[in-house]
Amino acid sequence: MNALPKSLILDACAFSRKGGLVAIPTETVYGLAAPLTNLDQLNRIFELKERPFFDPLIVHVAEISEAKKLVSHWTELAQCLASTFWPGPLTLVLPKNPQAVPDIVTSGLTTVGVRVPNHPVALEFIRKLGTPVAAPSANKFTKTSPTKASHVSEIFSSEDVFVLDGGDCEVGIESTIVAVAEHELTILRLGMITKSALEESLHRHGLKVSVQEGRTALDQMQGMSPGNFSIHYRPTWPVAVCVSEPSPKQLVQIATCFKLDNSNALRLRTLDDRPAVAARELYSFLRAPLGEQACALVLTIPKLTELSPDDQEAWQALRDRLKKAASLWIDGEL
Ligand code: AMP
Ligand code: MG
């Protein structure tokens, strides 16, 4: 994590106040930030990301007290989760305060997604700017999220974006998103904060709340127009995921599937078995240049049955991203 000179963060704030977009480091991925108060800048986020307006943005704040102002009803459950996991990779979806959150941020929904990121540069930027920011991942829609400042500079090379370099993202994949109701939590997107970790925190606070799995607003749209958005987190080359090391015969078959002459055109990479390490590797591995001869990536991941129950659970979030990034998924014989 890079400690940045305070003057650079102040420069970024000045750039933002003049109407520009600032890429901020967070512990999950880099975000493209605009103040919640400026509709032109919020519009520009959608434009730059080529993101459809029906995909709502997550609002980032520096303190719990700021999150409370964005919602119409702050529950005991929200307080429990915020005090346990913030600053950190957990987004809470709560009924929104329409006076505080413009419709463009929430795609017209009556709820808002909010979190406090765990990165000193992001927190300092938000505090100095003096307003919450909407900050979706700083990538083009459906493409791989950036986990290094250099990724953001590549993605927006022809745009005037101020990139704050806070080093490599320590978590490496997007936040866990939960919809918070009175007595019920619904996990809308898996992340490195697992269902068990949520349940353990609720138990510790003596809250009797059921935790279930659901779908994001984007995934629900997908349900309405099948197949449209199942592609996500995609690099520019085809990716095959192999559950355990592929055999030479399988590599030939993968090359054939990708219409390549031989398996020398495949770049092989293996993710670490430990989910926290694999999460940091994931988007870098998807983005890293393949090398001269290669035109497709083969990523090996561990078999779930060979992992501890905790690691199996954390790997679900990584498999969720990989299922959307991969064109081929090989679990056993081809
Ligand atoms: P990103 O910031 O690019 O990681 O994307 C944010 C994700 O959060 C989107 O896929 C949204 O579907 C989800 N999200 C944000 N706000 C809400 C909300 N109010 N209700 C449900 N999902 C949300
Ligand atoms: Mg995103």
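Structure's up top.
Residues numbered from 1 in each chain as written. Chains lettered and ligands numbered in written order. Predicted model: local features only at pLDDT ≥ 70, side-chain atom pairs only at ≥ 80, totals over all residues. Heavy atoms only, no water.

Trainee: Which residues make up the overall build of the protein, and what values go with them?
Mentor: Each helix and strand counted, the protein has 12 helices and 14 strands in total. In terms of overall size, the protein behaves like a compact globule, its C-alpha atoms giving a radius of gyration of 20 Å where 334 residues would be expected to give roughly 20 Å. Classification of the 334 residues of the protein by burial places 55% in the buried group. Summarising the internal contacts of the protein: among those between residues at least 6 apart in sequence, 71% fall at separations of at least 24. A total of about 14700 Å² of accessible surface is found on the protein, and carbon and sulfur atoms cover 51% of it. Side-chain charges in the protein split into 33 positive and 37 negative, and the spacing between the mean points of these groups amounts to 2 Å. (Helix = DSSP H or I, 4+ residues; strand = E, 2+ residues; numbered from the N terminus. Rg over C-alpha atoms; globule rule 2.2 N^0.38 Å. Buried < 20%, exposed > 50% of the residue type's maximum accessible area, 1.4 Å probe, protein only. Contact = heavy atoms within 4.5 Å. Areas by Shrake-Rupley, 256 points an atom, 1.4 Å probe, with all protein chains shown as cover. Lys, Arg positive; Asp, Glu negative; His and termini not counted. Charge placed at Lys NZ, Arg CZ, Asp CG, Glu CD.)

Trainee: Talk me through the sheet that holds strand β8 (residues 176-180); I want residue IDs and the actual numbers.
Mentor: Ordered in space as β7-β1-β2-β6-β3-β5-β4-β8-β9-β10, the 10 strands form an open sheet in which the pairing is mixed. Sheet topology places β7 (161-163) and β10 (210-213) at the edges, where each strand pairs with a single neighbour. One ladder, built from four bridges, connects strand β9 (residues 184-189) with β10; its direction is parallel. The residue bridging Ile187 from the neighbouring strand is Glu213, located in β10. Across the face of the sheet, helix α1 (residues 6-17) comes into contact with β1 (21-24), β2 (31-35) and β7 while running at roughly 165° to β7. (Pairing = 2+ DSSP bridges. Axes fitted to C-alpha atoms, helices over the stretch in contact; angles between N-to-C directions.)

Trainee: How would you explain the site of ligand 1 if you had to name every residue and give the values?
Mentor: Around ligand 1 there are 19 residues in total, and Arg51, Thr111, Ser137, Ile177 and Arg189 lie nearest to it. Within the side chain of Arg51, a nitrogen or oxygen atom sits 3.0 Å from an oxygen atom of ligand 1. Protein chains shield 92% of the accessible area of ligand 1, which is 500 Å² for the free molecule. It is strand β5 (residues 111-115) that provides the largest number of residues to the shell around ligand 1, a total of three residues. Of the residues assigned to the shell around ligand 1, the class counts are 11 nonpolar, four polar and four charged. (Near = heavy atom within 4 Å. Polar contact = N/O pair within 3.5 Å; in protein donor to acceptor, adjacent residues only side chain to side chain. Nonpolar A, V, L, I, M, F, W, Y, C, P; charged D, E, K, R; others polar.)

Trainee: Let's hear about helix α12 (residues 309-325): which residues, and what values?
Mentor: Since the α-helix advances by 3.6 residues per turn, residues separated by three or four positions end up pointing in the same direction. With 17 residues, α12 extends 25 Å from end C-alpha to end C-alpha; this agrees with the ideal 24 Å at 1.5 Å per step. Largest kink in α12: about 30°, centred on Gln316. The complete set of buried residues in α12 reads Glu313, Ala314, Trp315, Ala317, Leu318, Arg319, Arg321, Leu322, Lys324 and Ala325. (Expected span 1.5 Å × (residues − 1). Bend = angle between axes of the 7 residues up to and from the residue.)

Trainee: Quick one: what's the story with the pattern of salt bridges, residue by residue and with numbers?
Mentor: Taken as a whole, this structure holds 14 salt bridges when the rule is applied. Glu47 is paired through a salt bridge with Arg44; the nearest N and O atoms lie 3.0 Å apart. Note that Glu47 and Arg44 are positioned in helix α2 (residues 39-49) at a spacing of three residues, about one turn of the helix. Among the residues examined, Glu47 registers a relative accessible area of 54% and is labelled exposed. Accessibility expressed as a relative area gives 31% for Arg44, which makes it partly exposed. We note a salt bridge from Asp103 to Lys96, for which the minimum N-O separation is 2.9 Å. Using a relative accessible area of 51% as the deciding quantity, one classes Asp103 as exposed. We classify Lys96 as buried; its relative accessible area is 7%. Through salt bridges with shared partners, a single ionic network connects Arg44, Glu47 and Glu159. (Salt bridge = Lys/Arg side-chain N within 4 Å of Asp/Glu carboxyl O.)

Trainee: Any chance you could break down the environment of Arg274 for me, citing the residues and the numbers?
Mentor: Of note, Arg274 is situated in the loop between β12 (266-270) and α11 (275-287). By relative accessible area, which is 49% here, Arg274 ends up partly exposed. Spatially, the C-alpha atom of Arg274 lies 9.9 Å from that of Ser308, the residues being 34 residues apart in sequence. Of the polar contacts made by the side chain of Arg274, one reaches the side chain of Asp272; its length is 2.8 Å.

Trainee: Give me the nonpolar core: which residues, what numbers.
Mentor: With 69 residues, the main nonpolar core has Leu81, Leu92, Phe125 and Leu164 as its most contacted residues. Every residue in contact with Phe125, bar those within four places of it in the chain, is listed here: Ile9, Ala12, Cys13, Ser16, Val22, Ile24, Ala33, Val133 and Leu164. Counting 25 residues, the second largest nonpolar core, distinct from the first, contains Val239, Leu271, Trp315 and Ala325. (Core = buried A, V, L, I, M, F, W, Y, C linked by side-chain atoms within 4.5 Å.)

Trainee: How would you summarise the packing of aromatic side chains if you had to cite specific residues and measurements?
Mentor: For the structure shown, the criterion picks out three aromatic pairs. Plain terms: the ring middles of Phe15 and Phe162 are 5.5 Å apart, the flat faces sit at 55° to each other, and that makes the pair tilted. With Phe15 in helix α1 and Phe162 in strand β7, this pair connects stretches of sequence that are 147 residues apart. Taking the ring centre of Trp329 as reference, the NZ or CZ of Lys323 above it sits at 4.6 Å. (Phe/Tyr/Trp six-rings, centres within 6.5 Å; stacked < 30°, edge-to-face > 60°. Lys NZ or Arg CZ within 6 Å of the ring centre and 35° of its normal.)

Trainee: An account of the sheet that holds β12 is needed here, citing residue identities and associated values.
Mentor: Strand order in the open sheet formed by four strands is β12-β13-β11-β14, with parallel pairing between adjacent strands. The sheet is open, and its two borders are formed by β12 and β14 (328-330), each paired with just one other strand. Strand-to-strand twist of the sheet, defined as the mean angle between neighbouring strand axes without regard to direction, takes the value 20°. Two strands pair when backbone bridges link them, and strand β11 (residues 239-243) and β14 are joined in this way by three bridges, in the parallel orientation. Bridge assignment links Cys242 to a residue of β14, and that residue is Ile330. Sitting on the sheet, α12 touches β11, β13 (296-301) and β14, and the angle it makes with β13 is about 160°.

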